[in-house]
Amino acid sequence: MPTGVALRDARQQLFDAAARVLLRDGASELTSRSVTTEAGVAKGVLHRHFTDFDGFLTELVLDRISQVNAQSAELQHAAGSGTVANNLTNALIRGFDPVMVAIIVLVIARDELRRRLREAGTSRLPLVGEATALVADYLKAEQNAGRIAPDADIDALAPTVIGAAHLRFTESSDVPADEVRKVVTTVLAGAIRE
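About the criteria used
- Residues numbered from 1 in each chain as written.
- Predicted model: local features only at pLDDT ≥ 70, side-chain atom pairs only at ≥ 80, totals over all residues.
- Heavy atoms only, no water.
- Helix = DSSP H or I, 4+ residues; strand = E, 2+ residues; numbered from the N terminus.
- Contact = heavy atoms within 4.5 Å.
- Areas by Shrake-Rupley, 256 points an atom, 1.4 Å probe, with all protein chains shown as cover.
- 1 Å grid on protein atoms, 1.4 Å probe; cavity = no way out; pocket = protein on both sides within 12 Å on 5 of 7 lines; lining within 4 Å.
- Points joined across faces, edges and corners; volume = space filled by probe spheres on them.
- Nonpolar A, V, L, I, M, F, W, Y, C, P; charged D, E, K, R; others polar.
- Buried < 20%, exposed > 50% of the residue type's maximum accessible area, 1.4 Å probe, protein only.
- Polar contact = N/O pair within 3.5 Å; in protein donor to acceptor, adjacent residues only side chain to side chain.
- Arc of directions from axis to C-beta.
- Salt bridge = Lys/Arg side-chain N within 4 Å of Asp/Glu carboxyl O.
- Core = buried A, V, L, I, M, F, W, Y, C linked by side-chain atoms within 4.5 Å.
- Phe/Tyr/Trp six-rings, centres within 6.5 Å; stacked < 30°, edge-to-face > 60°.
- Axes fitted to C-alpha atoms, helices over the stretch in contact; angles between N-to-C directions.
- Parallel < 35°, antiparallel > 145°, perpendicular 65-115°, else oblique.
- Left-handed = near helix turned anticlockwise from the far one by under 90°.

## Here's the deal with the overall build of the protein chain
- When its secondary structure is counted, the protein chain shows 10 helices and 0 strands.
- Along the protein chain, helices and strands appear, N-terminal first, in the series α-α-α-α-α-α-α-α-α-α.
- In terms of overall dimensions, the protein chain has C-alpha extents of about 60 × 30 × 30 Å along its principal axes.
- Residue pairs in contact within the protein chain that sit at least 24 positions apart in sequence constitute 68% of those at least 6 positions apart.
- Surface accessibility of the protein chain: about 9,600 Å² in total, with carbon and sulfur atoms responsible for 51%.

Shown next as structure tokens:
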């Protein structure tokens, strides 16, 4: 690989390369060599920007978690507009893109990565926990707006929505919106008051 080539945003370039490797080859084939080869940079570039490969993976997941947190703020802002089912359907489709699903598999597969992520303050199951919090926060906002029943058990509904949706997205990378909406409306049946 060439050396001395200036990179605009090495961190993002490496993250994008890791996503491509994950999607194409799976978590078991994700190595520092596969990432740098995919990015078209020398192996030392990764180690210049990150303490080690698990440090790189930790930052990759934390970057994705920051995207989930930004999406959470957007979704809460949508409370009271549109429909609860459509808002959640769109959020789930956006959130469970193929890269997100592949990163969840990566997190599950690597003990050291989970340990570092927990040290960084993530949920017990990183990404899945943050996605569950996204749904819970949104449902609470809709509950405050009167569109979710006041006695609805948000702490039970949110992980159920995430679990059911995650299963659909692990079965196929192209789940139709109608199928996601069916999951949402089924889980939230009796709770929605629109």
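## Section: empty space enclosed by the protein
- Using the criterion set out here, one finds 1 cavity of 30 Å³ or more in the structure.
- Size it by volume and the largest cavity reaches roughly 80 Å³.
- Considering the residues around the largest cavity, the lining is formed by Val68, Gln71, Ala91, Leu92, Gly95, Phe96, Met100, Ala131, Leu134, Val135 and Ile162.
- Of all the secondary-structure elements, those providing two or more residues to the lining of the largest cavity are helix H4 (53–77), helix H5 (84–95) and helix H8 (128–144).
- In terms of residue class, the lining of the largest cavity is made up of 9 nonpolar, 2 polar and no charged.

## Describing the side chain of Arg114
- Looking at the secondary structure, you find Arg114 in helix H7 (residues 111–119).
- Classification of Arg114 as buried rests on a relative accessible area of 16%.
- A polar atom in the side chain of Arg114 sits 2.9 Å from the backbone oxygen of Val107.
- Among the polar contacts made by the side chain of Arg114, one reaches the side chain of Asp111 at a distance of 2.3 Å.
- Each residue touching Arg114, except ones within four places of it in the same chain, is listed here: Val107, Ile108 and Ala109.

## Some thoughts on helix H10 (residues 177–187)
- Where H10 is concerned, the buried positions are Val180, Val183, Val184 and Val187. Taken down its axis, H10 places every buried residue within 95° of arc, on the same side. Of the exposed residues in H10, those oriented more than 90 degrees away from the buried face are Asp178, Lys182 and Thr186.

## Remarks on the pattern of salt bridges
- Evaluation of the coordinates by the stated rule reveals 16 salt bridges.
- With a shortest N-O distance of 2.9 Å, Arg20 and Glu38 are connected by a salt bridge. Within this pair, whereas Arg20 is found in helix H1 (residues 10–25), its partner Glu38 is found in helix H2 (residues 32–39), the two being separated by 18 residues in sequence.
- The residue Arg147 makes a salt bridge to Glu142 at a minimum N-O spacing of 2.7 Å. Taken as a pair, Arg147 and Glu142 share a single burial class, namely buried.
- Several salt bridges share partner residues, and in doing so they unite Asp52, Glu112, Arg115, Arg116 and Glu119 into one network.

## Topic: the nonpolar core
- Of all hydrophobic cores here, the largest spans 66 residues; its most connected members are Leu14, Leu30, Val35, Phe56, Phe96, Leu139 and Leu188.
- Setting aside its immediate chain neighbours within four residues, Val35 contacts Leu14, Ala17, Ala18, Leu30, Leu46, Phe53 and Phe56.

## Focus: the packing of aromatic side chains
- For the structure on display, the rule yields 5 aromatic pairs.
- A ring pair is formed by Phe15 and Phe50, whose centres lie 6.0 Å apart and whose planes are at 35°; its orientation type is tilted. In this pair, Phe15 is assigned in helix H1 and Phe50 in the loop between helix H3 (43–49) and H4, connecting sequence segments 35 residues apart.
- By relative accessible area, Phe50 is classed as buried at 6%.

## Brief notes about the packing of H8 against helix H9 (residues 154–171)
- As a packed pair, H8 and H9 sit with axes 8 Å apart at the nearest point and diverge in direction by 130°. Compared by their axis directions, H8 and H9 come out oblique. For the pair H8 and H9, the sense of crossing is right-handed. Counting all contacts with H8, which are made through Val128, Ala131, Thr132, Val135, Ala136, Leu139, Lys140 and Gln143, the residues of H9 involved are Ile154, Asp155, Leu157, Ala158, Pro159, Val161 and Ile162.
- Here the contact of H8 with H9 is built from residues that sort into 11 nonpolar, 2 polar and 2 charged.

These figures capture arrangement, not role.
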